[in-house]
Amino acid sequence: MTPKDLGVTLAKTAGFCPGVKKAIDCVLELAQKGRNPIYTLGPLIHNRQVIATLEEKNIRSIESLSEITSRSGVIVLRAHGITPAFEAEVRAFGMEVVDATCPLVKRVHRVIAEYADKGYDTVIVGDAGHAEVTGLLGYAKGRGVVVSGPEEAAALPEFERVNVVSQTTKEESVFLSAAEKIRARSGDCVISNTICQPTKDRQREIVELSKSVDLMVVVGGKHSANTARLAEICARLCPNAVHVESEDELTAELIRKATRIGITAGASTPSWMTDRVLSRARDMRRTLGQTSRDRLEQAWRIIIYSCAYTALSAVALEYACAGIQNLTLNPLLLWMTGLYVLSMHIVNRAAEKGVGSSDNIKMLLYGTHRKLMLSAGFVAGALALIAAALLGWKVFAVMLTVSLLGLLYPFRHFASKGEDELPGSKDIATALGWAAVTVVIPALFYEIPFSKAELFAALYAALVVFMRSVMLGISSVKTDLIIGKEHLYKAFGDKLTKNILLTLALCVTGLLLALTLHENHSTLAWALLAGNMYTLFCFGAYYFNRIPKTIHAETLVDGQFLVLGLSVFTALHFS
C-alpha cells in the first residue's frame, strides 16, 4: 500500500465501451443540431445517471411508439438493438429513424441471420428477456431458443444443424461450457463466440484483480446485465464483493476493514462515476482524519473549480502578449480580462450542473450551490463590463459583444436550423474569446493600428488557447463526460486530433523562433520559447496518452500560461 493509492486499485478497463460511446455520441449530435424531440426505444444504456443527463437535453426514453404524440423529431434505435419486425414497424411510423445499435451487436445479428437462412436452428446463450437477446431472437426466423448456461443447454433437444451464439456481454466460460453441451448432442454444430472484445478484456482483468484483493467494488446500474455479470464473477473470486450505483452506497466500515480494495465498472458506467467511488473509498481509508496535505489539496481544488486559476492564467497570457506588442498594460485591462474569463467559465460550468464530475468539491459548487455560482459568474461579468466602460466606449463595445456571444453560445443550434455542428466550435470560440480580450482590446485601448506585432500576438494567443481547449476536451472524453462534436477530439477522433495538435505545436514554436530574428524582440522571444517548452511538455503528455484527469489536467494545462507570464516578466525586468 502506498500513500497515493491507499490500497485501492482501479481497473484499467473500467468505463464506457465503444458501443455505448457511439450511441451517446449519436444522440448528442442530434441534440446539438436541434433535432428535438429525440426518442430512444427503451433506455439508451442501463445507467440511470447518464439517462438523467440525456433527459436534460430533451432525449427521452420510451417503451412504445404509442407514447409519441407528434411525428416531429427523431427515433433512435438504442445500443442493444431491436428485432427486424419491430424495426420495420418503427421505420413505417413516419418519423426519421437513426440506428445507434452497437456495431458488435449488429455483427451478431448478421451471424444469426446468415445461418438461419441456411436452415440452422439458433441457440443464444444469454439472459432471456434482456433487450439485446430479444433483438437477437428476431433474426433466428422463429427457430431460436435462449439458455442461460450449461445446465439449461444440457436439457435442450438434439439438433440436426445448430448455430450457437452468445449475448455480447455473457461470461465467456459460461458460454463455452454451454456450447460444448450443445455440440455433444448435435449433428452439425457451429459455435460462434460473439462475446465482444471489450467484455472479454474487462472480465479477464477483474479475474486477476479479484484474486489479489479482499474487497471488490463493482460500479454500475443495478439493471445493467454486464455490470451484474461482473459482480457475479467478483463474488466467486473475492471474499467480499459489492455492486453499487454511486459512491453514496459505500460504508466506512466496509472500506476501512479491507486490506486491499479493487474497483471496476460495467460497460455502461462512465469513468466519472467510477472516479467518484474511487475518491470516496480513498477518503474513507484515511485513518488520521484530515491532514495538512489534505487541507491544502482541498483548497487547491476550490481554486481550480471556482475558475480563479483559469482567470489568473488568462491574465498571465495577456501580460505575455503585451510584451510582444511593447505595451505597459493599464492594470484595469488585466482586471477586466480576469473577470471576463472568470465569468464565462463559471457560467459554463454552472450550466453543466456538476453532472459528470468525479470531484466532490466541483459537485458542491456546481450542484448544491449552482445558483450561487451562477450569480457569482454574472457579477464577475458585470464587473468586467464596468471595467471596460471605464476604459472607453470602443473597449466596452467589444467586451459587450464578446460577452453576449459567450452567453449565447449554448443556444447556437437555434440559429443553425439543424445544420451540422462546426467541428471543434467550442475550442474555436474559446480561442477567439481569449484572443479578443488579451490582444484585440488592449490594442484598441492604446489606439494601436494592427501592425505585425499585434497580428502576431493575436495569432499566438489564439493558437495556444485553442491547444489548451483541445487538450482539456481530450481529458473530458477520457473520463466519459457527455460532450459532443463542439470539441475537436470528439469530432475528429484520436489520431487526427493529435496530428492537428502536433501541427499547431510546431507552428507556435516556429512563430517564436521567427520572433528571435527580430532585433527588438529577441530577448522576449527567447523567454517565450522557454515558456513554450512547458507547452510542448503538456502536448507530449497528451500525445503519448499520459493524460491526467480532472483537477490535474487543469493544473497542468493552464499552468503553461503562468509559466509564459513568468518567463516574460523575468526577461523584461532582469535581462
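Everything discussed here concerns the structure shown above.
Quick look at the structure, then.

## Re the pairing of strand 7 (residues 144-147)
A regular strand places its side chains on the two faces of the sheet in alternate fashion.
Thinking step 1. One ladder, built from 4 bridges, connects strand 6 (residues 121-125) with strand 7; its direction is parallel. Paired with V123 across the strands is V145, a residue of strand 7.
Thinking step 2. Handedness of the crossover joining strand 6 and strand 7 through helix 5 (residues 131-137) is recorded here as right-handed.

## What to know about helix 9 (residues 225-237)
Residues lying three or four places apart along an α-helix face the same way, a consequence of the helix completing one turn every 3.6 residues.
Thinking step 1. Helix length check: helix 9, at 13 residues, gives a terminal C-alpha distance of 19 Å against a target of 18 Å (1.5 Å per residue), a fit within 8%.
Thinking step 2. Of the positions making up helix 9, those classed as buried are A225, N226, T227, R229, L230, A231, I233 and C234.
Thinking step 3. Contacts from the buried residues of helix 9 go to helix 8 (197-212), strand 10 (215-219), strand 11 (241-244) and strand 12 (261-265).

## Looking at the packing of aromatic side chains
Thinking step 1. Scanning the entire structure with this criterion turns up 8 aromatic pairs.
Thinking step 2. Both rings, one in Y543 and one in F544, keep their centres 5.2 Å apart while their planes meet at 80°; by these two values the pair is edge-to-face.
Thinking step 3. By relative accessible area, which is 28% here, Y543 ends up partly exposed.
Thinking step 4. Exposure remark for F544: the relative accessible area of 61% places this residue in the exposed category.
Thinking step 5. Looking at R71, its charged tip hangs above the ring of F93, at a distance of 3.9 Å from the centre.
Thinking step 6. Note that K118 overlies the ring of Y115, its terminal NZ or CZ placed 5.1 Å from the centroid.

## Focus: the pairing of strand 11
Thinking step 1. Relative to strand 11, strand 10 runs parallel, the two being bridged by 4 bridges. Note that in strand 11 the partner of V217 across the bridge is V242.
Thinking step 2. Handedness of the strand 10-helix 9-strand 11 crossover: right-handed.

## Describing the nonpolar core
Thinking step 1. With 68 residues, the main nonpolar core has L317, M336, Y340, Y460, M467, L528 and Y542 as its most contacted residues.
Thinking step 2. Looking at this core element by element, the count peaks at 15 residues for helix 20 (residues 452-478).
Thinking step 3. Those residues in contact with L317 that lie beyond four places of it in its chain are W434, T438, Y460, A461, V464, V465 and F561.
Thinking step 4. Judged by nonpolar contacts, the second largest core, of 23 residues, contains C17, I45, I51 and L54.

## So, the packing of helix 17 (residues 393-408) against helix 19 (residues 425-445)
In a packed pair of helices, the relevant descriptors are the angle between the two axes and the axis-to-axis distance.
Thinking step 1. At a minimum axis distance of 9 Å, the contact between helix 17 and helix 19 shows a crossing angle of 170°. Relative to helix 19, the element helix 17 is oriented roughly antiparallel. Residues K394, V395, V398, M399 and V402 of helix 17 lie in contact with helix 19, whose contacting residues are G433, A436, V437, I441, L444 and F445.
Thinking step 2. Grouping the constituent residues of the contact of helix 17 with helix 19 by class yields 9 nonpolar, 1 polar and 1 charged.

## Quick look at the packing of helix 20 against helix 21 (residues 488-515)
Thinking step 1. Interhelical geometry of helix 20 versus helix 21 gives an angle of 150° and a closest axis separation of 10 Å. In terms of orientation, helix 20 lies roughly antiparallel with respect to helix 21. The handedness of the crossing between helix 20 and helix 21 is left-handed. Where helix 20 approaches helix 21, its residues F456, L459, Y460, L463, V464, F466, M467, V470, M471, I474, V477 and K478 are matched on the opposing element by L488, Y489, K490, D494, T497, L501, L504, A505, V508, L511, L512 and L515.
Thinking step 2. Per-class residue counts for the contact of helix 20 with helix 21 are 20 nonpolar, 1 polar and 3 charged.

Thresholds applied
- Residues numbered from 1 in each chain as written.
- Predicted model: local features only at pLDDT ≥ 70, side-chain atom pairs only at ≥ 80, totals over all residues.
- Heavy atoms only, no water.
- Pairing = 2+ DSSP bridges.
- Helix = DSSP H or I, 4+ residues; strand = E, 2+ residues; numbered from the N terminus.
- Right-handed = clockwise from strand over helix to strand, strands pointing away.
- Expected span 1.5 Å × (residues − 1).
- Buried < 20%, exposed > 50% of the residue type's maximum accessible area, 1.4 Å probe, protein only.
- Contact = heavy atoms within 4.5 Å.
- Phe/Tyr/Trp six-rings, centres within 6.5 Å; stacked < 30°, edge-to-face > 60°.
- Lys NZ or Arg CZ within 6 Å of the ring centre and 35° of its normal.
- Core = buried A, V, L, I, M, F, W, Y, C linked by side-chain atoms within 4.5 Å.
- Axes fitted to C-alpha atoms, helices over the stretch in contact; angles between N-to-C directions.
- Parallel < 35°, antiparallel > 145°, perpendicular 65-115°, else oblique.
- Nonpolar A, V, L, I, M, F, W, Y, C, P; charged D, E, K, R; others polar.
- Left-handed = near helix turned anticlockwise from the far one by under 90°.

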